[in-house]
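# Breakdown of the fold
The primary structure of each chain is shown beneath.
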Amino acid sequence: MTGCVRIAVLGAGAIGSAVGALLVRAGQDVTLVGRPDQVGAVRTDGLEVDGPLGTFTVSLAAATSLDFRPDLALLAVKTQDVDAAVRCARAFLEGVPLVTMQNGVRSDAIVASLLPADALLSSVVVVTATYLAPGHVTLVEHGHLMLGRPSGPHDALVEQVARILNTAVPTVVSDNLPGAHWLKLIMNLNNAIPALTNLPLREATRDAFLRRLSVLLMREGLAVADRAGISLAPLQGVSVRTVRMMARLPAPLAARVFASRAGRLGDGWPVLGSTLQSLRRGRPTEIEYLNGEVVRRGRELGVATPFNEKVVALVHEVESAGRFYPPGALRDAFAPLRGV
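Residues numbered from 1 in each chain as written. Predicted model: local features only at pLDDT ≥ 70, side-chain atom pairs only at ≥ 80, totals over all residues. Heavy atoms only, no water.

### A look at the overall build of the protein chain
- Helix and strand content of the protein chain: 15 helices and ten strands.
- For 340 residues, the compact-globule estimate of 2.2 N^0.38 gives 20 Å, and the protein chain sits close to it at 19 Å.
- When the 340 residues of the protein chain are sorted by exposure, 55% land in the buried category.
- In the protein chain, once contacts between residues fewer than 6 apart in sequence are set aside, the share between residues at least 24 apart is 72%.
- Approximately 13,700 Å² of the protein chain is accessible, and the part contributed by carbon and sulfur atoms is 51%.
- Computing the positive centroid from 34 side-chain charges and the negative centroid from 29, the protein chain places the two 7 Å apart. (Helix = DSSP H or I, 4+ residues; strand = E, 2+ residues; numbered from the N terminus. Rg over C-alpha atoms; globule rule 2.2 N^0.38 Å. Buried < 20%, exposed > 50% of the residue type's maximum accessible area, 1.4 Å probe, protein only. Contact = heavy atoms within 4.5 Å. Areas by Shrake-Rupley, 256 points an atom, 1.4 Å probe, with all protein chains shown as cover. Lys, Arg positive; Asp, Glu negative; His and termini not counted. Charge placed at Lys NZ, Arg CZ, Asp CG, Glu CD.)

So, in structure tokens, the structure goes:
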């Protein structure tokens, strides 16, 4: 794979659309595979991107299913849709390098059960994007990608794909993708805060209780990762040392540190998180693969995760009832738990 390659992006939500648009702008041949409303809008008017990088529109192919064999496939659907998406496109994906781009830590194993492992690559996506309406995506932070094998050292294929992706998004190679996935999962446990309150992360962290809850969620995630023997790997702008420091500091001080970092996200553009975006679009959330993953692994390992467990239940309530929690009501909901 050199020069312009034919890339299929399976999943035309926030990340798939944003990365796809950046790849087109870098001169790559991209086809977005997504839901009919997004596909129809992109075919008619192109894909409009706005955000700190400016506003631009790209023209690219879009389809509701994959009907050709690409040179490279990027899998950008939510984790709960990975199995169905791969099964639907499997006839065109055999032997094609495929990069998983999901939050959480489960997608690589799902794909490996359906496709040969020699072409499977994993990525940690440190790109912030918002997709709420067909044909439009906001690239909140350009960020970067970490690329590697689902386990073990990288190889020539990883380096080759990294060079292609680097034309659009800064891409670094890692030999510890599981550790990077887990660090991002710990940070992503805070996606639940905007999802419960319908507030952007920066606004939510102005509330003292929500700041404290954010830290408590991350502390449980870190405890589970440590008990599981996960060797965490740093992300650009997020060190393992910083996360461990927030776990050791008194909760009020750790909450202020977290709020300071959250306040710098997005450079003035609202950071909603993937879970709230799903709720606003009326789609099922990936909460079971974020906070729910910590709860599941905690039960297996004997680590208590009461705050994440409560968050999962409350997000499912929001999904079913369609009503968000004001910060005060959320504080009352968590009041029975010790430590809050």
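### Comments concerning the pairing of strand E2 (residues 29-33)
- By the criterion of burial, E2 is predominantly enclosed, with four of the five residues buried.
- Inspection of the sheet shows strand E1 (residues 6-10) paired to E2 by five bridges, in the parallel sense. Bridge pairing links Ile7 to Val30 in E2.
- Tracing the backbone out of E1, into helix H1 (residues 14-25) and back to the parallel element E2 gives a crossover that is right-handed.
- Pairing between E2 and strand E5 (residues 61-63): three bridges, direction parallel. Paired with Thr31 across the bridge in E5 is Ala61. (Pairing = 2+ DSSP bridges. Right-handed = clockwise from strand over helix to strand, strands pointing away.)

### Section: H1
- Look at H1: 17 Å from first C-alpha to last across twelve residues, which is about the 16 Å you get at 1.5 Å a residue.
- With respect to burial, H1 is a largely interior element, eleven of its twelve residues being buried.
- Those residues of H1 that fall on the buried side of the exposure criterion are Ala14, Ile15, Gly16, Ser17, Ala18, Val19, Gly20, Ala21, Leu22, Leu23 and Val24.
- At the C-terminal side of H1, Gly27 shows a positive phi close to 100°. (Expected span 1.5 Å × (residues − 1).)

### Considering the side chain of Thr31
- Take Thr31: it is sitting in strand E2.
- The buried category is assigned to Thr31, whose relative accessible area is 7%.
- Setting aside residues up to four positions removed in sequence, Thr31 forms contacts with Ile7, Ala8, Val9, Ala61, Ala62 and Phe68.

### As for the packing of aromatic side chains
- Enumeration according to the criterion identifies two aromatic pairs in this entry.
- Between Phe209 and Phe334, the aromatic rings sit 6.1 Å apart at their centres with planes inclined by 50°, giving tilted as the arrangement. A residue pair is termed long-range when its members are at least 10 positions apart, and Phe209 in helix H9 (residues 208-227) and Phe334 in helix H15 (residues 327-334) qualify at 125 residues. A single burial state applies to Phe209 and to Phe334, both of which are buried.
- Geometrically, the ring pair formed by Phe307 and Phe334 is stacked, given 6.3 Å between the ring centres and 15° between the ring planes. On the criterion of sequence distance, the pair formed by Phe307 in helix H14 (residues 306-321) and Phe334 in helix H15 is long-range, its members being 27 residues apart. An identical accessibility class is assigned to Phe307 and Phe334; each is buried. (Phe/Tyr/Trp six-rings, centres within 6.5 Å; stacked < 30°, edge-to-face > 60°.)

### Topic: the environment of Arg90
- Counting through the fold element by element, Arg90 comes out in helix H3 (residues 82-93).
- The partly exposed category is assigned to Arg90, whose relative accessible area is 28%.
- Taking the C-alpha atoms as reference points, Arg90 and Gly135, 45 residues apart in sequence, are found 27 Å from one another.
- Here Leu114 takes part through its backbone oxygen, which lies 3.4 Å from a polar atom of the side chain of Arg90. (Polar contact = N/O pair within 3.5 Å; in protein donor to acceptor, adjacent residues only side chain to side chain.)

### Describing the nonpolar core
- Leu196, Leu213, Leu232, Val311, Leu330 and Phe334 are the most contacted members of the largest nonpolar core, which has 54 residues in total.
- Take this core: its biggest share by element is ten residues, from H9.
- Ignoring anything within four residues of it in the chain, the contact list for Leu232 reads Asn176, Gly179, Trp182, Leu183, Ile186, Leu222, Ala225, Val240 and Arg244. (Core = buried A, V, L, I, M, F, W, Y, C linked by side-chain atoms within 4.5 Å.)

### Topic: the packing of H9 against helix H10 (residues 240-248)
- Where H9 contacts H10, the axes come no closer than 9 Å and their chain directions differ by 115°. Here H9 is positioned roughly perpendicular relative to H10, judged by the angle of their axes. Crossing geometry of H9 relative to H10 is assigned as left-handed. Between H9 and H10, the residues in contact are Val215, Met218, Arg219, Leu222 and Asp226 and Val243, Arg244, Met246, Ala247 and Arg248, respectively.
- Along the lines of polarity and charge, the residues of the contact of H9 with H10 split into six nonpolar, no polar and four charged. (Axes fitted to C-alpha atoms, helices over the stretch in contact; angles between N-to-C directions. Parallel < 35°, antiparallel > 145°, perpendicular 65-115°, else oblique. Left-handed = near helix turned anticlockwise from the far one by under 90°. Nonpolar A, V, L, I, M, F, W, Y, C, P; charged D, E, K, R; others polar.)

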